[in-house]
Amino acid sequence: MESKQAMLNIIKYTGGTILTIGISIFLYGFFISNYSAITGIGIGTIMGAIFIFLMGVFFVATEEMQDKTDKGIRVVQ
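Residues numbered from 1 in each chain as written. Predicted model: local features only at pLDDT ≥ 70, side-chain atom pairs only at ≥ 80, totals over all residues. Heavy atoms only, no water.

Peer 1: Can you walk me through helix α2 (residues 36-68) in this structure?
Peer 2: Three- or four-residue spacings in an α-helix give side chains the same orientation, since the helix completes a turn every 3.6 residues. Relative to the 48 Å expected for 33 residues at 1.5 Å per residue, α2 spans 49 Å between its end C-alpha atoms, a close match to the ideal helical length. The set of residues buried in α2 consists of Thr39, Gly42, Ile46, Ala49, Gly56 and Val60. Elements in contact with the buried residues of α2: α1 (2-32). (Helix = DSSP H or I, 4+ residues; strand = E, 2+ residues; numbered from the N terminus. Expected span 1.5 Å × (residues − 1). Buried < 20%, exposed > 50% of the residue type's maximum accessible area, 1.4 Å probe, protein only. Contact = heavy atoms within 4.5 Å.)

Peer 1: Help me understand the environment of Gln5 in this model?
Peer 2: Along the chain, Gln5 turns up in helix α1. You can call Gln5 partly exposed: its relative accessible area is 37%. Put simply, Gln5 and Val60 are 55 residues apart on the chain and 9.0 Å apart in space, counted from C-alpha to C-alpha.

Next comes the structure, spelled out in structure tokens:
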């Protein structure tokens, strides 16, 4: 469980950092800059951060389920 907790922390901090950068890019493009492309880049960065977080949690949950299931083939006679 220690490695899974470490992986969840890495995913949490990476997703949070990218999300913060995306929000700041979006706000800069929406309120300060006259270029609409910067707003789109901010939205894309926010969506990327959410995607990274969801996929990371999915992979950790999948690994957890694989560790908890029984291995092998049961032969019942």
